[in-house]
Amino acid sequence: MHNQILLLHGPNLNLLGTREPEIYGRFTLVDINQIVTKAAAVYGVSVKAYQSNHEGALIDALHEARTNVDGVVFNPGAYTHTSIALRDAISAVKIPVVEVHLSNIHARESFRQTSMLSAVCIGQVVGFGWRSYVLGLNALLGALGTLAEPILE
Ligand code: DQA
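In this report, we go over the structure that sits alongside the text.

## With respect to the environment of Ala 40
You can see Ala 40 is positioned in helix 2 (residues 29-41). You can call Ala 40 buried: its relative accessible area is 0%. Along the sequence, Ala 40 and Gly 17 sit 23 residues apart, while their C-alpha atoms lie 22 Å from each other.

See the structure below:
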């Protein structure tokens, strides 16, 4: 265990805060990285955050993730709907990846309703704005066994 996760952001997410705030919210990418970093710290997990507008750079980041993190919370932006290369990278690295989206892609234009990636991710969180990332982190840490199991009466 590295006790480290990668928070990976795809194209146009560097513009968060100013980009269509009615859809994506008012928090910037720096804010979201800080929110997730603080939430992970509670569990003793550190966060490496990286954003790129380039498909190949995202693929390189996934390849590198194999060696130094336990899992990935990934908002692939519009590459979600198009990228077989990112799908192959996720399959290849064999570490758990949670797909997250700020908006509910299933309630938007038809071209956003398909994800090339969800079948190779351990799950998908959509539609909760910045909270999608926190929920995605929680799901990833649960899958990694970092969170305590509930104790039943
Ligand atoms: C997004 C949804 C995508 O369809 C879009 O291209 C984005 C952001 C989201 O977080 O809601 O860039 O991934």
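## Things to note about the site of the ligand
Surrounding the ligand, one finds Arg 19, Tyr 24, Asn 75, Gly 77, Ala 78, His 81, His 101, Leu 102, Ser 103, Ile 105 and Arg 112. Taking Arg 19, its side chain carries an N or O atom lying 3.0 Å from an oxygen atom of the ligand. In the model, an oxygen atom of the ligand is placed 2.8 Å from a nitrogen or oxygen of the Leu 102 main chain. When the free accessible area of the ligand is taken as 320 Å², the share hidden by the protein chains comes to 99%. Partitioning the shell around the ligand into residue classes produces four nonpolar, five polar and two charged.

## Comments concerning the sheet that holds strand 3 (residues 71-75)
In a beta sheet, neighbouring strands are held together by backbone hydrogen bonds and run either parallel or antiparallel to one another. Spatially, the five strands line up as an open sheet ordered 2-1-3-4-5, and their pairing is parallel. In this open sheet, the two edge strands, each paired with only one partner strand, are strand 2 (46-51) and strand 5 (123-126). Averaged over all adjacent pairs, the angle separating strand axes in this sheet is 20 degrees, with direction ignored. The sheet contact formed by strand 4 (residues 97-101) and strand 5 spans four bridges and is parallel. In the sheet register, His 101 faces strand 5, and the bridge partner there is Val 126.

Here is what the cut-offs are and how they apply
Residues numbered from 1 in each chain as written. Predicted model: local features only at pLDDT ≥ 70, side-chain atom pairs only at ≥ 80, totals over all residues. Heavy atoms only, no water. Helix = DSSP H or I, 4+ residues; strand = E, 2+ residues; numbered from the N terminus. Buried < 20%, exposed > 50% of the residue type's maximum accessible area, 1.4 Å probe, protein only. Near = heavy atom within 4 Å. Polar contact = N/O pair within 3.5 Å; in protein donor to acceptor, adjacent residues only side chain to side chain. Areas by Shrake-Rupley, 256 points an atom, 1.4 Å probe, with all protein chains shown as cover. Nonpolar A, V, L, I, M, F, W, Y, C, P; charged D, E, K, R; others polar. Pairing = 2+ DSSP bridges. Axes fitted to C-alpha atoms, helices over the stretch in contact; angles between N-to-C directions.

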